[in-house]
Amino acid sequence: MTKRLLKEQAANLALRLRIDAGLNENEPIHMKGLLLKLGVLTRYRPLSETAYGLSLQTSDKRHKFMLINSNSTRGRQHFTAAHELFHLYFDASPTPHVCRSDVEKPQSERDADTFASCLLMPAQGILGEVPQTELKTAISVATLLRLEQLFAVSHEAMVYRLRSLSLIAESDVAKLLNLAIIDVARANGYDVSLYKSGNENVTLGDFGSNARKLFEQEKISEGHYFELLNQISGGE
Ligand SMILES: [Zn+2]
């Protein structure tokens, strides 16, 4: 059995990817910019309800692709993209699969989630944004919201991350998850697009090749990505 990825290892891999992409250790990630920089051809489109996304690369690793469910919230889409980056860059034994919410997660899926959490919400980056007084007591909802907006992640992802950093008590988790976050964010004057779906039919990346055409003709779908992989790697 493969050993699970430890939090420290995940943080190190996340740091390596940040440095390779010219980002510093703690800054919030602008995901579309990162995907463009890394040259990962990314397509956002509606997938089945429980699917988050999938990724694949040609056998020579020169071309990397990602498909993200545009029905997920934008915050969740960022997490999915970060999860897929783990598969593309660090997964020791990548097996083509659709990453989804409705199955018991195998180890590689949990590792990809741990990595995604570290990449998007670096510990020091978060700590640096929490007021000193709240570090000693409890994090306020205003700070929680601000962190979500700053690091562009879903409410759930930030609550779990703060819990794993021991910044939120276990006894507060359920209450915080139950907040009507869109209403609270709106009442605090924030743009709520983070908590809504979007990006339908957006394609990132400049391929000008077969691959782009295939994506745009909708030839890639959850059921068709093996076919795509064959066509792309056979067409070079
Ligand atoms: Zn996955």
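Residues numbered from 1 in each chain as written. Predicted model: local features only at pLDDT ≥ 70, side-chain atom pairs only at ≥ 80, totals over all residues.

Right, let's talk about the overall build of the chain for a bit. On a plain count of helices and strands, the chain comes out with twelve helices and five strands. In the chain, which comprises 236 residues, the proportion classed as buried is 36%. (Helix = DSSP H or I, 4+ residues; strand = E, 2+ residues; numbered from the N terminus. Buried ≥ 20, exposed ≤ 12 C-beta atoms within 10 Å, placed from the backbone.)

Below, the discussion takes up the sheet that holds strand β5 (residues 203-204). Paired through backbone hydrogen bonds, the strands of a sheet run either parallel or antiparallel to each other. The mixed open sheet is built from five strands, whose spatial order is β4-β2-β3-β1-β5. Of all the strands in the sheet, just β4 (99-100) and β5 have a single pairing partner and so form its edges. Sheet topology note: the strand β2 (residues 51-57)/β4 ladder contains two bridges and is antiparallel. Looking across to β4, one finds that A51 is bridged to R100. Lying over the sheet, helix α3 (residues 74-89) contacts β1 (40-45), β2, β3 (64-69) and β4, oriented at roughly 30° with respect to β2. (Pairing = 2+ DSSP bridges. Contact = placed C-beta atoms within 7 Å. Axes fitted to C-alpha atoms, helices over the stretch in contact; angles between N-to-C directions.)

Before going further, it helps to examine the pairing of β2. Regular strands have side chains that alternate between both faces of the sheet. Burial of β2 is extensive: seven of the seven residues sit out of reach of the surface. Two elements, β2 and β3, share five bridges in a ladder whose sense is antiparallel. Among the inter-strand pairings, S55 is bridged to a residue of β3, identified as M66. Linking β2 to β3, which pair antiparallel, is a turn of six residues; within it K61 sits at a positive phi near 65°.

Once that is clear, we can look at the packing of α3 against helix α4 (residues 107-120). Between α3 and α4, the least distance of the axes is 8 Å, while the angle of their chain directions is 120°. By crossing handedness, the relation of α3 to α4 is classed as right-handed. Across the interface between the two elements, H78, F79, A82, H83, L85, F86 and H87 of α3 pack against D111, A112, D113, F115, A116, L119 and L120 of α4. For the contact of α3 with α4, a count of residues per class yields nine nonpolar, three polar and two charged. (Left-handed = near helix turned anticlockwise from the far one by under 90°. Nonpolar A, V, L, I, M, F, W, Y, C, P; charged D, E, K, R; others polar.)

Glancing now at the confidence of the model for the chain. A residue-level look at the chain finds 86% of positions with pLDDT of 70 or above and a mean pLDDT of 87. A low-confidence stretch, residues 229-236 stays under pLDDT 50, and its non-local contacts, those more than four residues away or across chains, total ten contacts. (pLDDT = per-residue confidence, 0-100.)

Here we take up the packing of helix α8 (residues 155-164) against helix α9 (residues 170-177). Look at α8 against α9: their axes get within 10 Å of each other, and the N-to-C directions meet at 175°. Classed by the angle they form, the pair α8 and α9 counts as roughly antiparallel. Two secondary-structure elements touch here, α8 through E156, V159 and R163 and α9 through E170, V173, L176 and L177. The residue makeup of the contact of α8 with α9, split by class, is four nonpolar, no polar and three charged. (Parallel < 35°, antiparallel > 145°, perpendicular 65-115°, else oblique.)

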